Amino acid sequence: MELNGLSLWEKILEKLKEKVPEQTFKTWFSPTKGLNFSEDTLFVEVPNPFFIDWLEEHYINILSDIAVSLLKRKMKISFKANTSEAMRPEPVLKDIVAFPSPRTNLRERYTFENYVVGKCNQFAQAASLAVAKAPAKTYNPLFIYGGVGLGKTHLMHAIGNYSQSLYRDSRAFYIPAEKFMNEMIYAIKNQETLEFKNKYRSLDMLLIDDIHFLADKVSLQEEIFHTFNALYGAQKQVVVTSDKPPREIPALEERLISRFQWGLVVDIQPPDLETRIAILKKKSEMDGINVPEDVIFYIANNIRTNIRELEGSLVRLLALSSLTNTEINLTTAKEMLNSIIGSRKNQINLKNILKTVADFFDVSEESLVGKRRTASVVLPRQVGMYILRELTSLSLKEIGSKFGGRDHTTVLHAYDKIGTLIKEDREFSNNIDKIIRKLTS
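A quick note: this is a predicted structure, and the numbers were derived from the prediction, not measured. (Residues numbered from 1 in each chain as written. Predicted model: local features only at pLDDT ≥ 70, side-chain atom pairs only at ≥ 80, totals over all residues. Heavy atoms only, no water.)

Trainee: Describe in detail the overall build of the protein chain, supporting the description with residues and values.
Mentor: The secondary structure content of the protein chain amounts to 21 helices and nine strands. Each principal axis of the C-alpha atoms in the protein chain carries an extent, and together these give about 75 × 55 × 35 Å. The 441 residues of the protein chain split such that 51% are buried. Considering only contacts in the protein chain between residues 6 or more positions apart, those separated by 24 or more positions represent 72%. Accessible surface for the protein chain amounts to roughly 21600 Å². Of this, 49% is attributable to carbon and sulfur atoms. Within the protein chain, one finds 59 positive and 55 negative side-chain charges whose respective centroids are separated by 3 Å. (Helix = DSSP H or I, 4+ residues; strand = E, 2+ residues; numbered from the N terminus. Buried < 20%, exposed > 50% of the residue type's maximum accessible area, 1.4 Å probe, protein only. Contact = heavy atoms within 4.5 Å. Areas by Shrake-Rupley, 256 points an atom, 1.4 Å probe, with all protein chains shown as cover. Lys, Arg positive; Asp, Glu negative; His and termini not counted. Charge placed at Lys NZ, Arg CZ, Asp CG, Glu CD.)

What follows is the structure, encoded as structure tokens:
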């Protein structure tokens, strides 16, 4: 039987229902509908733009696998927001590319234009743009490292996309290190090693993500080494990302470490408060939604070390608000994001907070919880109360008991005062941000 868009999507959902929890299926997939199916694209309608972001972030791989199992070939899924239910008047169309262009494997939505630059990443962004403009002329290789969800992959795709827009005949290709290994194993098993080598050694730009996957994999390191030599010797660009700098990747061969350090090694740090706020504002602006300032601040102040999780929290809030027809305000934000933010608060303990605050302000831990009210300790003590309130589930009364038996009104006064200072004094806000980031990273 020939499949149309509606029947193909229904078959995909039948398979999906066996793989995800019932509540997840009801929330994110029951409201969707297959539209039409062309030769290589399935068009699917979703209730609003936020579904598009959420499905792409969390379910693209499983949807891709099911689609391939049904069709026995590669395809693309394109989601369209239902304009009658969407939260903005213009029609919204975004592509979720189950299999990005075979020629590049790049995702077009990752660009320099939608990459928010701050102190934490400005050097990495500048270096990436320089490489994109002049491949193999400036920094080769470019090695970008940083923690999970800080934007390394975004930068890597942006380099490829920008370079392809300038040099349309060039051959750029993006691949995660794990997939590179899987392709290598397949090539060896099927006696296609020559084709595999030619595929990667004939590129103009190779972008390898998560190179730390090389750790302890001798044969993979060997192949990467020879591929790197071939490309570098032919004056072709190599870009790699990792969660660690070259010398900190376990069991990485010295010759590879040396080659990764031939060019430029740059890092991306967790974003500061200002950058996190800018990221959320950019995200809401791109989706055409006016999110209240206090909601933006609440999310930015509670999710500090992972941009992917930061944006995901906003998407989750907007999607749930749309689904339940609930106004977006600080109260609903706290309720809807409690499962994300609330769980973190239970992981922070008083001892760590006291030590971190005391070290930052150069006072003793004993003075923070003592009875004395000297000027040098009042502000640090109030900061300690504020952070304990922000990062734990303790009540005002319980917090007061931890700080020398003070009553709940004293804690509330401290919380309000520090909150006001954070909003009014940028330097003070950044200092509080540093303390909390140290506690949560």
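Trainee: Describe the side chain of histidine 154, naming the residues involved and giving the relevant values.
Mentor: Mapped onto the secondary structure, histidine 154 falls in helix H6 (residues 152-166). Of the polar contacts made by the side chain of histidine 154, one reaches the side chain of asparagine 114; its length is 2.9 Å. Excluding anything up to four places from it in sequence, histidine 154 contacts Tyr110, Thr111, Asn114 and Tyr115. (Polar contact = N/O pair within 3.5 Å; in protein donor to acceptor, adjacent residues only side chain to side chain.)

Trainee: Which residues make up the environment of arginine 308, and what values do they have?
Mentor: One can find arginine 308 in helix H13 (residues 307-324). Overall, arginine 308 belongs to the partly exposed group, its relative accessible area being 42%.

Trainee: Report on the packing of aromatic side chains, specifying residues and quantitative values.
Mentor: Under the criterion given, the structure shown has 15 aromatic pairs. Centre to centre, the rings of tyrosine 232 and tryptophan 262 are 5.0 Å apart; their planes meet at 50 degrees, and the pair counts as tilted. With tyrosine 232 in helix H9 (residues 218-233) and tryptophan 262 in the loop between helix H10 (254-260) and strand E9 (264-268), the pair connects residues that are 30 residues apart, well separated along the chain. Here the aromatic residues Phe143, Phe228, Tyr232, Phe260 and Trp262 are joined through ring pairs into a cluster of three or more. Positioned above the aromatic ring of phenylalanine 225, the side-chain terminus of arginine 255 is 3.9 Å from the ring centre. (Phe/Tyr/Trp six-rings, centres within 6.5 Å; stacked < 30°, edge-to-face > 60°. Lys NZ or Arg CZ within 6 Å of the ring centre and 35° of its normal.)

Trainee: Hey, could you go over helix H16 (residues 350-361) for me, with residue numbers and the actual values?
Mentor: Here H16 contains 12 residues, and its C-alpha end-to-end distance of 17 Å stays within 8% of the 16 Å for a straight helix at 1.5 Å per residue. When H16 is considered as a whole, its buried residues turn out to be Ile353, Leu354, Thr356, Val357 and Ala358. One or two steps after H16, the chain reaches aspartate 362, where phi turns positive at roughly 60 degrees. (Expected span 1.5 Å × (residues − 1).)

Trainee: I'd like to hear about the packing of helix H8 (residues 193-201) against H9, residue by residue, with values.
Mentor: Pairs of packed helices are described in terms of their axes, by the angle between the two and the distance that separates them. At a minimum axis separation of 9 Å, H8 and H9 run at an interaxial angle of 45 degrees. The pairing of H8 with H9 is recorded here as oblique in orientation. For the element pair H8 and H9, the recorded crossing hand is right-handed. For the pair H8 and H9, contact is made by Phe196, Lys197, Tyr200 and Arg201 and by Glu223, His226, Thr227, Ala230 and Leu231, respectively. (Axes fitted to C-alpha atoms, helices over the stretch in contact; angles between N-to-C directions. Parallel < 35°, antiparallel > 145°, perpendicular 65-115°, else oblique. Left-handed = near helix turned anticlockwise from the far one by under 90°.)

Trainee: Break down the sheet that holds strand E8 (residues 237-242) for me, with residues and values.
Mentor: Taken together, five strands build an open sheet; the order of strands is E6-E7-E8-E5-E9 and the sheet is parallel. Each having just a single partner strand, strand E6 (172-176) and E9 make up the two edges of the open sheet. Going across the sheet, the axis of each strand differs from the next one's by a mean of 15 degrees, ignoring polarity. The sheet contact formed by strand E5 (residues 142-146) and E8 spans four bridges and is parallel. Of the residues in E8, the one forming a bridge with phenylalanine 143 is valine 240. Against the sheet, helix H5 (residues 122-133) touches E5, E8 and E9, its axis set at about 135 degrees to E9. (Pairing = 2+ DSSP bridges.)

Trainee: Give me the lowdown on the pairing of E9, citing residues and values where you can.
Mentor: Remember that side chains alternate between the two faces of the sheet whenever the strand is regular. With burial as the criterion, only one face of E9 is covered, namely that bearing Leu264, Val266 and Ile268; the residues Val265 and Asp267 on the opposite face remain uncovered. Bridge count between E5 and E9: five bridges; the pairing is parallel. Bridge pairing in E9 links phenylalanine 143 to valine 265.

Trainee: Break down the pattern of salt bridges for me, with residues and values.
Mentor: Where charged atoms of side chains with opposite charge meet at close range, the side chains can pair. Summed over all chains, the structure comprises 11 salt bridges. We note a salt bridge from arginine 171 to aspartate 204, for which the minimum N-O separation is 3.4 Å. With a gap of 33 residues between them, arginine 171 in the loop between H6 and E6 and aspartate 204 in the loop between H8 and strand E7 (205-209) connect regions that are remote in the sequence. Judged by its relative accessible area of 18%, aspartate 204 is buried. (Salt bridge = Lys/Arg side-chain N within 4 Å of Asp/Glu carboxyl O.)

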